[in-house]
Amino acid sequence: MCIRDRIERFLELLDDNYIDEGKAAKKSREFMILHTNMQVVNCSFAANYFHLLRRQMKRTVRKPLVVAAPKKLLRFKPATSALSDFAEGTKFLKVVDEAYPDEVVEAAKIRKLVLCSGQVYYDLLERRRNDHRKDIAIARLEQIGPFPYVQVQELLSRYAHAKEIVWCQEEPMNQGGWSYVRPRLQSLLRVMDGNKRVVQFRGRNANASTASGFSSINSDEVNDFLSRTISPCTLR
């Protein structure tokens, strides 16, 4: 099933439990899918969407698949994929690490790690390039639920020296993936470094509606949270 917005409604219905302080990272992918009632994903590029559908058809276990599918990415050139991304040996990526390592410093010198999902990634990437920020890495959660503990733990370990961990979304704080992702990320961080790092939110303020309805206000809101996300790290 494809949806355009209000992804939080489906994430609220997911029954994977995070109250195990990161022990879920040790569980196999077979265990996770067998013990979860559905899957919620938000693909950001063509090849991953292809592999997602292929994985769904080839699995021996049938579980509902909910895809957040904004129309923008269907005709958005940066979201296209090379033919090699569909070749033998490729697969669906639950988490996508920094896609342009040449544009940032090495992982050990990254000061801020930004996690996001879906089309907001391209806005963040454009803003980082315009601001010439080289100490900020941007990673994507392509599968939000069941939460990819193993891949996210590897990502957080890779950027162990990042002082700021940020979740960025275009939806208001009370919508989108924040309420689902936050406790799971913090659970992993608690196990890894004793909560020395806290996940921060960057996005629109809580709101009853999905959008303001005015293009000028929408542009101001987007510019505001992008600026706050791609800002210099203030923590020491």
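Quantities reported herein were computed from a predicted structural model and do not represent experimental measurements.

*Asks:* An account of the sheet that holds strand β8 (residues 164–172) is requested, with residue identities and associated values reported.
*Replies:* Taken together, five strands build an open sheet; the order of strands is β4-β6-β5-β8-β9 and the sheet is mixed. What marks the edges here is a single partner per strand, and that holds for β4 (95–96) and β9 (199–204). On top of the sheet, helix α6 (residues 178–193) reaches β5 (112–116), β6 (136–141), β8 and β9; it is set at about 160 degrees to β9, its chief contact.

*Asks:* So what's going on with a nonpolar patch on the surface? Residues and values would help.
*Replies:* A contiguous nonpolar surface patch, about 320 Å² in accessible area, is contributed by Phe 50, Leu 83 and Phe 86. Secondary-structure assignment places Phe 86 in the loop between β3 (65–68) and β4.

*Asks:* Any chance you could break down the pairing of β5 for me, citing the residues and the numbers?
*Replies:* Counting buried positions along β5 yields five of five residues, so the element is predominantly enclosed. Across the two faces of β5 the burial is the same, with Lys 112, Val 114 and Cys 116 and Leu 113 and Leu 115 all buried. In this sheet, β6 lies alongside β5 in parallel orientation, the contact comprising five bridges. Residue pairing in the sheet places Cys 116 in a bridge with Arg 140 of β6. Crossover connection from β5 via helix α4 (residues 120–131) to parallel β6: handedness right-handed. Of the pairings in the sheet, the one linking β5 to β8 comprises four bridges and is parallel in character. If you follow Lys 112 over to β8, its bridge partner there is Glu 164.

*Asks:* Outline the side chain of Thr 229, listing residues and values.
*Replies:* Mapped onto the elements, Thr 229 comes out in helix α7 (residues 215–229). A distance of 2.6 Å separates a polar side-chain atom of Thr 229 from the backbone oxygen of Phe 225. Residue contacts for Thr 229: discarding those within four places in its chain leaves Lys 112, Val 114, Leu 124, Ile 136, Val 166, Cys 168 and Arg 202.

*Asks:* Tell me what's going on with helix α5 (residues 149–158), and back it up with residues and numbers.
*Replies:* Since the α-helix advances by 3.6 residues per turn, residues separated by three or four positions end up pointing in the same direction. Here α5 has its buried residues at Tyr 149, Val 152, Leu 155 and Leu 156. Mapping the buried residues of α5 onto a view down its axis gives an arc of 125 degrees, with all of them on the same face.

*Asks:* Any chance you could break down the state of the cysteines for me, citing the residues and the numbers?
*Replies:* Tallying each qualifying case throughout the model produces zero disulfides. The thiol of Cys 116 is not disulfide-bonded; the next cysteine sulfur, from Cys 168, is found 6.6 Å away.

*Asks:* Give me the packing of aromatic side chains: which residues, what numbers.
*Replies:* Scanning all chains against the criterion turns up five aromatic pairs. For the ring pair Phe 147 and Tyr 149, a centre distance of 5.0 Å and an interplane angle of 75 degrees mean the geometry is edge-to-face. In this structure, Phe 147 and Tyr 149 share a single accessibility class: buried. Ring geometry for Trp 178 versus Phe 201: centroids 5.2 Å apart, planes at 50 degrees, classification tilted. Here Phe 201 lies in strand β9 and Trp 178 lies in helix α6, a separation of 23 residues in the sequence.

Calculation notes
- Residues numbered from 1 in each chain as written.
- Predicted model: local features only at pLDDT ≥ 70, side-chain atom pairs only at ≥ 80, totals over all residues.
- Heavy atoms only, no water.
- Pairing = 2+ DSSP bridges.
- Helix = DSSP H or I, 4+ residues; strand = E, 2+ residues; numbered from the N terminus.
- Contact = heavy atoms within 4.5 Å.
- Axes fitted to C-alpha atoms, helices over the stretch in contact; angles between N-to-C directions.
- Patch = residues over 30% accessible without salt bridge, like charges linked within 9 Å, V, L, I, M, F, W, Y side chains within 5 Å.
- Areas by Shrake-Rupley, 256 points an atom, 1.4 Å probe, with all protein chains shown as cover.
- Salt bridge = Lys/Arg side-chain N within 4 Å of Asp/Glu carboxyl O.
- Buried < 20%, exposed > 50% of the residue type's maximum accessible area, 1.4 Å probe, protein only.
- Right-handed = clockwise from strand over helix to strand, strands pointing away.
- Polar contact = N/O pair within 3.5 Å; in protein donor to acceptor, adjacent residues only side chain to side chain.
- Arc of directions from axis to C-beta.
- Disulfide = S-S within 2.5 Å.
- Phe/Tyr/Trp six-rings, centres within 6.5 Å; stacked < 30°, edge-to-face > 60°.

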